[in-house]
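Residue-level structural notes
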Amino acid sequence: MTGLSSMQLAVDLARRECDQLGLDLARAHKVREAAQDQFNQLESYAQETQVRWVTKAQTQSTPEVLRHYYQFMDKLYQAMALQTQVLQDAERQVQAQKKLLLEAEFKRASRQTVCDNMRQAANLKRDKLEQKQFDEMAAMQFRKHQLEHKM
């Protein structure tokens, strides 16, 4: 395997890695969106519950009902706090995937540049060889032509 084909293989592998990391980033975005949706649902439910309890408390405010309300809201706020942690973890995962993808894209681009330079150098070498062969053939024909005219 030539150096150029080895480098092209490295570029192809880097491209596949970038593709996979792109899929991983998309999955991380979906996880973050799901976590955000869950948090939004909890927050909305807490607000709705608070409005309902405030209305009920004006008409049916027994100490037992208020105690249950406060216990329930504490549990709901704990769930929201846990969901906030899940959301933060998902955001960190998105950022980590973005960083990995960026690094992989840089590596792929660097390898592609090296591969392009190698290809360009090989083409230049081939062109010079072809030019040399053409020049030699032209020189031989010129000498042959000169020899024919001397005779």
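Scroll up to find the structure this text is about.
If you're wondering where the values come from, they're calculated on a predicted model, not measured in any experiment. (Residues numbered from 1 in each chain as written. Predicted model: local features only at pLDDT ≥ 70, side-chain atom pairs only at ≥ 80, totals over all residues. Heavy atoms only, no water.)

**What to know about the overall build of the chain**
Where we set the bar: Strands are runs of DSSP state E lasting at least 2 residues, helices are runs of H or I lasting at least 4, and numbering of each runs from the N terminus. Type-normalised accessible area, obtained with a 1.4 Å probe on protein chains alone, sets the label of each residue: buried when under 20%, exposed when over 50%, and partly exposed for intermediate values. The contact rule is simple, with two residues in contact once any of their heavy atoms fall within 4.5 Å. For every accessible area listed, the method is Shrake-Rupley and the probe measures 1.4 Å; residues are considered covered only by the protein chains on display. Charged residues are defined here as Lys and Arg on the positive side and Asp and Glu on the negative side; His and the ends of the chain fall outside this count. Every charge is mapped to an atom, namely NZ of Lys, CZ of Arg, CG of Asp or CD of Glu.
Each helix and strand counted, the chain has two helices and zero strands in total. With the C-alpha coordinates of the chain rotated into their principal frame, the extents come out at 130 × 25 × 15 Å. Going through the 151 residues of the chain one by one, you find that 17% of them count as buried. If you take every contact in the chain between residues at least 6 apart in sequence, the share linking residues at least 24 apart comes to 87%. For the chain, the exposed area adds up to about 11,500 Å²; of that, 59% sits on carbon and sulfur atoms. Separation of charge centres in the chain, based on 23 positive and 20 negative side chains, amounts to 5 Å.

**Quick look at the packing of helix α1 (residues 3-59) against helix α2 (residues 63-150)**
Basically, it comes down to this: The angle between two axes is taken between their N-to-C directions and runs from 0 to 180 degrees, where each axis is a line fitted to C-alpha atoms and a helix contributes only its stretch in contact. Put simply, angles under 35 degrees are roughly parallel, angles over 145 are roughly antiparallel, angles from 65 to 115 are roughly perpendicular, and the rest are oblique. Take the far helix as the reference: if the near one is turned anticlockwise from it by less than a right angle, the crossing is left-handed, and if turned clockwise, right-handed. Amino acid classes used here: Ala, Val, Leu, Ile, Met, Phe, Trp, Tyr, Cys and Pro are nonpolar; Asp, Glu, Lys and Arg are charged; the rest, including Gly, are polar.
It is the contact of α1 with α2, at a shortest axis distance of 7 Å, that shows an interaxial angle of 165 degrees. By the angle between their directions, the pair α1 and α2 is classed as roughly antiparallel. Considering the relative orientation of α1 and α2, their crossing is left-handed. Classifying every residue of the contact of α1 with α2 by side-chain character gives 36 nonpolar, 13 polar and twelve charged.

**Here we look at the environment of L66**
When you line up the elements, L66 lands in helix α2. Looking at L66, the relative accessible area reads 28%, which means it is partly exposed. Along the primary structure L66 and K56 are separated by ten residues, whereas in three dimensions their C-alpha atoms are 9.9 Å apart.

**With respect to the environment of L76**
In this structure, L76 sits in helix α2. Residue class for L76 comes out buried when judged on its relative accessible area of 7%. Put simply, L76 and D89 are 13 residues apart on the chain and 20 Å apart in space, counted from C-alpha to C-alpha. In contact with L76, not counting residues within four places along its chain, are L42, Y45 and A46.

**A short note on the state of the cysteines**
Note the cut-off: Any cysteine sulfur atom paired with another within 2.5 Å is treated as part of a disulfide.
Applying the stated rule across the entire model yields zero disulfides. The cysteine C18 is free of any disulfide, with C115 supplying the nearest cysteine sulfur at 15 Å.

**Points about the packing of aromatic side chains**
Heads up, the rule is: Note on aromatic pairs: the rings of Phe, Tyr and Trp (six-membered ring only in Trp) are paired at centre separations within 6.5 Å, and the planes decide the class, stacked below 30 degrees, edge-to-face beyond 60, tilted for the rest.
Counted under the stated rule, the structure contains three aromatic pairs. Where Y45 meets F72, the ring centres are 6.1 Å apart and the plane angle is 80 degrees; that geometry is what we call edge-to-face. Within this pair, whereas Y45 is found in helix α1, its partner F72 is found in helix α2, the two being separated by 27 residues in sequence. Between W53 and Y69, the ring centres sit 4.9 Å apart and the planes meet at 40 degrees, which makes this aromatic pair tilted. Taken as a pair, W53 in helix α1 and Y69 in helix α2 lie far apart in primary sequence, 16 residues in all. A network of ring pairs unites the aromatic residues W53, Y69 and Y70 as a single cluster.

**What to know about the side chain of Q83**
Relative to the assigned elements, Q83 resides in helix α2. Judged by relative accessible area, which is 12%, Q83 ranks as buried. Sequence-distant contacts of Q83, defined by excluding residues within four places in its chain, comprise A35, Q38, F39 and L42.

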